[in-house]
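# Structural overview for review
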Amino acid sequence: MLQETNNNKSEDYNAEDIRILDGLEAVRRRPGMYIGSTDQHGLHHLVYEIVYNSIDEAMAGYCDRTQVSIHEDNSVTVIDNGRGIPVDIHPVTNTSALEAVMTRLHAGAKFGGHTYMVSSGLHGVGASVVNALSSRLEVEVKRQGKIYRHKYQQGTPLGDLEVIGNTNETGTTITFLADTEIFSELNYDFNTICQRLKELAYLNKNLEISFKDERVDQEATFYFEGGIASLVRRFNKDRQVLHPQPIYSSGTVNSTMVEVAVQYNDGFSESTLSFANCVNTIDGGSHLTGFRSALTRVLNDYARKNKLLKDTEPNLTGDDVRDGLTSVISVKLAEPQFEGQTKAKLGNPEVKSQVEAIVADGLSLHLEQHPDEARAIIDKCLIAAKAREAARKARDLIFKKSGLEAGTLPGKLASCSESDPRECELYLVEGDSAGGSAKQGRDRRFQAILPLRGKILNVEKAPKDKVLGHEEIRAIITALGAGIGEQPDLSKLRYHRIIIMTDADVDGSHIRTLLLTFFYRNMMELIIQGHLFIAQPPLYRIQAGKQQFWTYTEKENEAKLKELKGNKLQLQRYKGLGEMSPEQLWQTTMNPASRTLLKVEIDDAMAADRIFHILMGNEVPPRKSFIQAHARSVRNLDI
Ligand code: 0RA
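Residues numbered from 1 in each chain as written. Predicted model: local features only at pLDDT ≥ 70, side-chain atom pairs only at ≥ 80, totals over all residues. Heavy atoms only, no water.

Turning our attention to the overall build of the protein. For the protein, the count of helices and strands is 20 helices and 24 strands. A burial count over the protein gives 54% of its 639 residues as buried. Counting only contacts in the protein whose residues sit at least 6 apart along the sequence, the fraction spanning at least 24 positions is 69%. Element-wise, carbon and sulfur atoms account for 48% of the exposed surface of the protein, whose accessible area totals about 29400 Å². (Helix = DSSP H or I, 4+ residues; strand = E, 2+ residues; numbered from the N terminus. Buried < 20%, exposed > 50% of the residue type's maximum accessible area, 1.4 Å probe, protein only. Contact = heavy atoms within 4.5 Å. Areas by Shrake-Rupley, 256 points an atom, 1.4 Å probe, with all protein chains shown as cover.)

Taken together, the three strands give an open sheet; going across it, the order is E21-E20-E22, and neighbouring strands pair in antiparallel fashion. The open sheet has two edge strands, strand E21 (547-551) and strand E22 (569-573), and neither has a second partner. When the angles between neighbouring strand axes are averaged without regard to direction, this sheet yields 20°. With five bridges joining them, strand E20 (residues 540-544) and E22 adopt antiparallel strand pairing. Bridged to Gln543 within E22 is Gln570. (Pairing = 2+ DSSP bridges. Axes fitted to C-alpha atoms, helices over the stretch in contact; angles between N-to-C directions.)

Next up on the list: empty space enclosed by the protein. Within the structure shown, the criterion is met by four cavities of 30 Å³ or more. There is about 40 Å³ of room inside the second largest cavity. Looking at the second largest cavity, the residues that line it are Asp503, Ala504, Pro537, Pro538, Tyr574, Lys575, Gly576, Leu577 and Met580. Per-class residue counts for the lining of the second largest cavity are six nonpolar, one polar and two charged. (1 Å grid on protein atoms, 1.4 Å probe; cavity = no way out; pocket = protein on both sides within 12 Å on 5 of 7 lines; lining within 4 Å. Points joined across faces, edges and corners; volume = space filled by probe spheres on them. Nonpolar A, V, L, I, M, F, W, Y, C, P; charged D, E, K, R; others polar.)

As a further point, take helix H4 (residues 40-59). Residues three or four positions apart in an α-helix share a direction because the helix packs 3.6 residues into each turn. Helix length check: H4, at 20 residues, gives a terminal C-alpha distance of 28 Å against a target of 28 Å (1.5 Å per residue), a fit within 8%. Taking burial as the measure, the 20 residues of H4 include 18 buried ones, the bulk of the element. Sitting at the head of H4, Asp39 places a side-chain oxygen 3.1 Å from the backbone nitrogen of His41. Gly61 lies just past H4 and shows a positive phi near 95°. (Expected span 1.5 Å × (residues − 1). Polar contact = N/O pair within 3.5 Å; in protein donor to acceptor, adjacent residues only side chain to side chain.)

All right, on to the environment of Glu356 then. Topologically, Glu356 is positioned in helix H10 (residues 350-369). Judged by relative accessible area, which is 14%, Glu356 ranks as buried. With near-sequence residues (within four places) excluded, Glu356 lies in contact with Gly290, Ser293, Ala294 and Arg297.

Checked against the element boundaries, His44 lands in helix H4. Look at His44 and you get buried, because its relative accessible area is 3%. Excluding anything up to four places from it in sequence, His44 contacts Asn187, Tyr188, Asp189, Thr192 and Ile193.

Next up on the list: unusual backbone geometry. Of note, the phi angle at Asn74 is positive, near 70°, even though the residue is not glycine. Take Asn74: it is sitting in the loop between strand E1 (65-70) and strand E2 (76-80). Although it is not a glycine, Asp217 adopts a positive phi angle of roughly 55°.

Time to look at a negative patch on the surface. The grouping of Glu72, Glu214, Asp217 and Glu219 at the surface amounts to a negative patch. Here Glu219 falls in the exposed class, since its relative accessible area comes to 57%. (Patch = residues over 30% accessible without salt bridge, like charges linked within 9 Å, V, L, I, M, F, W, Y side chains within 5 Å. Salt bridge = Lys/Arg side-chain N within 4 Å of Asp/Glu carboxyl O. Lys, Arg positive; Asp, Glu negative; His and termini not counted. Charge placed at Lys NZ, Arg CZ, Asp CG, Glu CD.)

The next point concerns the nonpolar core. Grouped together as the largest cluster of nonpolar side chains are 68 residues, with contacts concentrated most on Leu46, Val139, Phe176, Phe183, Tyr188 and Leu197. Here the element with the most residues in this core is H4; it accounts for 10 residues. For Phe183, the contacting residues outside a window of four places in its chain are Ile35, Ser37, Thr38, Asp39, Gly42, Leu43, Leu46, Leu133 and Ala178. Residues Ala391, Leu452, Leu490 and Ile500 belong to the second largest nonpolar core, which totals 42 residues. (Core = buried A, V, L, I, M, F, W, Y, C linked by side-chain atoms within 4.5 Å.)

Sheet topology places strand E9 (residues 247-253) next to strand E10 (residues 256-264); seven bridges connect them, and they run antiparallel. Residue pairing across strands places Gly251 opposite Val258, the latter belonging to E10. Following E9, the chain reverses through two residues before pairing antiparallel with E10; Asn254 in that reversal takes a positive phi of roughly 45°.

A few words on the pattern of salt bridges. This structure, assessed with the given rule, holds 26 salt bridges. Its salt-bridge partner being Asp213, residue Arg215 comes within 2.7 Å of it at the nearest N-O pair. You can call Arg215 partly exposed: its relative accessible area is 28%. Close ionic contact of Asp238 with Lys237 constitutes a salt bridge, the shortest N to O distance being 3.7 Å. Using a relative accessible area of 16% as the deciding quantity, one classes Asp238 as buried. Each of Glu270, Arg292, Asp319 and Arg322 takes part in a single network of salt bridges with overlapping partners.

With that settled, consider helix H15 (residues 506-522). End to end, H15 covers 24 Å across 17 residues, agreeing with the expected 24 Å (1.5 Å per residue, within 8%). Gly508, Ile511, Thr513, Leu514, Leu515, Leu516, Thr517, Phe518, Phe519, Tyr520, Arg521 and Asn522 are the residues of H15 that are buried.

Looking at the protein as a whole, the pLDDT averages 86, with 85% of positions reaching at least 70. Scored below 50 in pLDDT, residues 1-18 shows 16 contacts in the model against residues more than four places distant or in partner chains. For the stretch residues 620-639, pLDDT sits under 50, and the model shows 32 contacts to residues farther than four places along the chain or on other chains. (pLDDT = per-residue confidence, 0-100.)

Our focus in this paragraph is the packing of aromatic side chains. One pass over the full model with this rule turns up five aromatic pairs. Taking 3.7 Å as the distance between ring centres and 5° as the angle between the ring planes, the aromatic pair formed by Tyr202 and Phe224 counts as stacked. Separated by 22 residues along the polypeptide, Tyr202 in helix H7 (residues 190-203) and Phe224 in the loop between strand E8 (218-222) and helix H8 (228-235) bring together distant segments of the chain. Considered together, Tyr202 and Phe224 belong to a single accessibility category, that of buried residues. Taking NZ or CZ as reference, Lys380 lies 4.7 Å from the ring centre of Phe268, over its face. In this structure, Arg573 packs its charged tip against the face of Tyr540, placed 5.4 Å from the ring centre. (Phe/Tyr/Trp six-rings, centres within 6.5 Å; stacked < 30°, edge-to-face > 60°. Lys NZ or Arg CZ within 6 Å of the ring centre and 35° of its normal.)

Across the five residues that make up E2, a large majority, four, are buried. Here five bridges tie E1 to E2, and the two strands are oriented antiparallel to one another. Across the sheet, the residue bridging to Thr66 is Asp80, located in E2. From the end of E1 to the start of E2, which pair antiparallel, there are five residues, and Asn74 there has a positive phi angle of about 70°. Across five bridges, E2 lies against strand E6 (residues 171-178) in antiparallel orientation. Paired with Ile79 across the two strands is Thr173, which belongs to E6.

Pasting the structure below:
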C-alpha cells in the first residue's frame, strides 16, 4: 500500500530521500488527491481519518473508547484510549515516531500500527494528511507513565515533543483546526458525521464511539454489543422476521477476520450490506460472492438431507435463497484491494473461500441446532422457487400467445434512430397522453419514449413472479435490453440515460417512487453507474407581454413574479405533463440545452435500504416521517 501509493504519485519518489516538507506541501497543493475534495465531504474526511486511527487500535484489541468533539471554534478533538502513538526516537527518521506519524505520508504502518487499516478505498491516508491541512494541530499521548505533547502548524512542528505530566493511562488525543486556506467553509454537519460514526460502531462491536457537537450542544453515543447482528436487527425492525435472532457467524482465517449476520423476513426483497475494513463495498466483491455461495450450498444441503427438497426437484437457486434475506457481511484484512470505477468492490480473491468457510460452518451448525428456524427458512425459499417457476411459465406463455420472442421490443416504445447507447435517452413517461406529447416533442434522433399506463406495481410488496409478470415492468426491462435477475448486463443497456418523467403532483411522485423502488431493488448497478435521472417539468408558465418564463418551484415562481412586478402578467399553473403542448414539453423538460435533470444517486446504502422499505413496505406509520427527507438521495446535476 505504502509503495504503491507513492509510485502512483510520482515516478522518482523514494520514501527515504524525499524531504518531508515536500510530502506535506504536495498534500496542501493538491488536497483533492488525498481527501477527495475540499468541500464538506473533504472536511468530514479529516475527522474520519483520525477516527480510523483509533479504530485500528480497537481492531488490534487495544482500544474500546473513542470520543469525537467539534468545538465552537470549529476545531475538532478525537480522544481514544489505545496504546498511544509511540514517542521513542526512530533510528531511520531520527525524530520521535510520533513526529514521523504526523509528518510523513503513510508512516503509521511503518511503526508497527495499523494491521487492519480502515481505509476509505481511494484514500485512507493517515494522520499526516490531516496535519498538513490543519492551520494548527496538537497531539497528546499518554504512554509509558507520561503525558507527551507536540504541536504543529500547517504540518510543521512547533518546537519539540514535550513531556507535560505523568499518568497511568494510555491513549491518544488529537485536536486540529482545519485550515481555511484550504477549506472555504468549516461547515461540519452533525447528522452526516453521526451517521458514519454509528455505522463504524456497528462494525466494531467492542468500541464505544461518542460524538459531541459543542456548536449546537448535541451529542450521541454509539455502542452495539451485538455489532453487525444489531445492525441486521435494526434493518428488520419494521419487518416480520422468520426467526427471532439474526444468525451470526464469525472467525479468522489466515488473518482475515470474517463476520456475517443474517435474518430472514417475510418480504420479497434482499437487503445485503457488505463491508471491507469498515468501507461499505456497494459493488460487492469476493466477500459477497463467498457469502452467497455458502448460503445457497448450506440451505440446499440442509433441505436435501432433511427431505424438504425432493430428489426429483432441482436445487434452490441463489435468487430463491435471497428472497426476504437481510444480511451484513464484514471482513477485515491487512491489505484490502478495492476495485472498480467507484473503488467500492473488494478484489482480494482469497477472501471468497475464507468467507465461504466461516459462513458454511456457522450457518449449518445453527440450522442443525434450530430445526424449527431451519424449516421456516427453507419453506420460504421453496415458496420463492415456486414463484420463480410460475414467473417463467407466465413469461413463456405471454411470449407464445403474442407470437413474440423474448427480447422483442414493447409495442408502445417509440425508439430513437441513433444506435450508440451512450448517446441515447429513454424517457419513462406517466400516462399515454403525456407519452403522446413527448413522442411529438422529442428529438427522435436520440430520445426514445416509453409511455407507462397508470401505477406500476409496488415491487416491495410483490413476489418475483408478480413483478416479472407485470406488463409495464416487462416493457421497461425489454426496452432497456440489459436483462434482470442475478446480474443485469449493463454492457447491453440500450440507453445510457433513463429519465423518469412524471407529473408534478402527488400521483406523479408516487409513480416516481414506485419506479425508483423497482430500479433500486432490481437494477441497483444502473443507479450506481449513474444511468438513472428524473426530469423536472415546470410548475408555472408566466406570460409577460411577449415574453414567457417557466418556473420549476413555488419559491422560484414567487421570486420571478416579484421581479416582473408592474408588467401585465398571466400566470398558468401546470398540473400535468399532458397540459403542455409537445413544443412546450420539449422546451421546458426535454431539450438538453434548457432542461434540468436530477441524477439519482445512492448516498448512503444503509439509509437507502431502510428508506425503500419504509416507503414501500407494509408498515404504514413509518412512511410519513420519511417523505420529507427523500430528496436527500437525489442530487442536482448540471447537464
Ligand atoms: C503507530 C503505531 C502504533 C499506534 C499508533 C500509530 C496509533 C496512532 C493513533 C492515532 C490516533 N490514535 C492512535 N493510536 C495509535 C502502535 C503502538 C504500539 O505498538 O505500542
